[in-house]
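# Architecture at a glance
What follows is the residue order along each chain.
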Amino acid sequence: MNKQSDDSLYTKVQEWLEDYKATTKRVQKKQLENLIVVAMMPVVKKIAHSIARRAEDPVEDLIQAGAIGLMKAIEKYDKNKNPRFKVYAGYFILGEMQHYMRDKVALIKVPQEVIELASRIRNFSNSLSEEQLETLTDEEVANALDVPVQKVQ
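Overview of the structure. For clarity, every value in this text was computed on a predicted model and none was experimentally measured. (Residues numbered from 1 in each chain as written. Predicted model: local features only at pLDDT ≥ 70, side-chain atom pairs only at ≥ 80, totals over all residues. Heavy atoms only, no water.)

### A word on the packing of helix H5 (residues 112-126) against helix H7 (residues 138-145)
- Two elements in contact, H5 and H7, have axes whose closest approach is 11 Å; the angle formed by their N-to-C orientations is 105 degrees. Classed by the angle they form, the pair H5 and H7 counts as roughly perpendicular. Judged by residue contacts, Leu117, Arg120, Ile121 and Phe124 of H5 engage Val141, Ala144 and Leu145 from H7.
- Of the residues in the contact of H5 with H7, the class split is 6 nonpolar, no polar and 1 charged. (Axes fitted to C-alpha atoms, helices over the stretch in contact; angles between N-to-C directions. Helix = DSSP H or I, 4+ residues; strand = E, 2+ residues; numbered from the N terminus. Parallel < 35°, antiparallel > 145°, perpendicular 65-115°, else oblique. Contact = heavy atoms within 4.5 Å. Nonpolar A, V, L, I, M, F, W, Y, C, P; charged D, E, K, R; others polar.)

Now the structure itself:
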């Protein structure tokens, strides 16, 4: 796409947004939202690909998160506060992608307590000889570190 066709597309998106905000008909509102989403998907994909180069997340997941951000931007957009929807939507799109990546990492994040206990166990086991390590039980480790056996297990 060239600059002129981009400009005309975003002009059309602005018109659709004005119609979207003005209408109270649910069917028409949904149709306008769909038009805006389809027109703006190249922006979502571009942002997703730029983030995917830096992250190990599948681009498709980032695009889905970005589409949610785009839909939120459509719903909350106010022409008086920001006349350029593309810029406004970009913040929402990027924000949703970042939330997705943060939440995905949070799902597999190990609690700090477990990290600290693992470190204490490692330090304790490093101080023992190989013979002592071979016969070491969970109960002995728990007693030495003064923690419940269940935590060691």
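### Observations regarding the layout of surface pockets
- Of the pockets and cavities examined, the largest pocket occupies roughly 220 Å³.
- Lining the largest pocket are 11 residues, and of these Asp6, Asp7, Tyr10, Arg84 and Lys86 sit closest to its centre.
- Mapped onto the lining of the largest pocket, the elements with two or more residues apiece are helix H1 (3-22) and helix H4 (85-107).
- Looking at the lining of the largest pocket residue by residue, the classes come out as 4 nonpolar, 2 polar and 5 charged. (1 Å grid on protein atoms, 1.4 Å probe; cavity = no way out; pocket = protein on both sides within 12 Å on 5 of 7 lines; lining within 4 Å. Points joined across faces, edges and corners; volume = space filled by probe spheres on them.)

### A word on the packing of helix H2 (residues 26-52) against helix H3 (residues 59-76)
- Relative to each other, H2 and H3 sit at 135 degrees, their axes nearing to 8 Å. Of the possible angle classes, the one that applies to H2 and H3 is oblique. By crossing handedness, the relation of H2 to H3 is classed as right-handed. Of H3, the residues touching H2 (which contributes Lys30, Glu33, Ile36, Val37, Met40, Met41, Val44, Lys45, Ala48, His49, Ile51 and Ala52) are Val59, Leu62, Ile63, Gly66, Ala67, Leu70, Met71 and Ile74.
- A breakdown of the residues in the contact of H2 with H3 according to their chemical character gives 15 nonpolar, 2 polar and 3 charged. (Left-handed = near helix turned anticlockwise from the far one by under 90°.)

### Remarks on H3
- For H3, which comprises 18 residues, the first-to-last C-alpha distance of 25 Å matches the rise-based estimate of 26 Å (1.5 Å per residue) to within 8%.
- Turning to H3, its buried residues are Val59, Leu62, Ile63, Ala65, Gly66, Ala67, Gly69, Leu70, Ala73 and Ile74. (Expected span 1.5 Å × (residues − 1). Buried < 20%, exposed > 50% of the residue type's maximum accessible area, 1.4 Å probe, protein only.)

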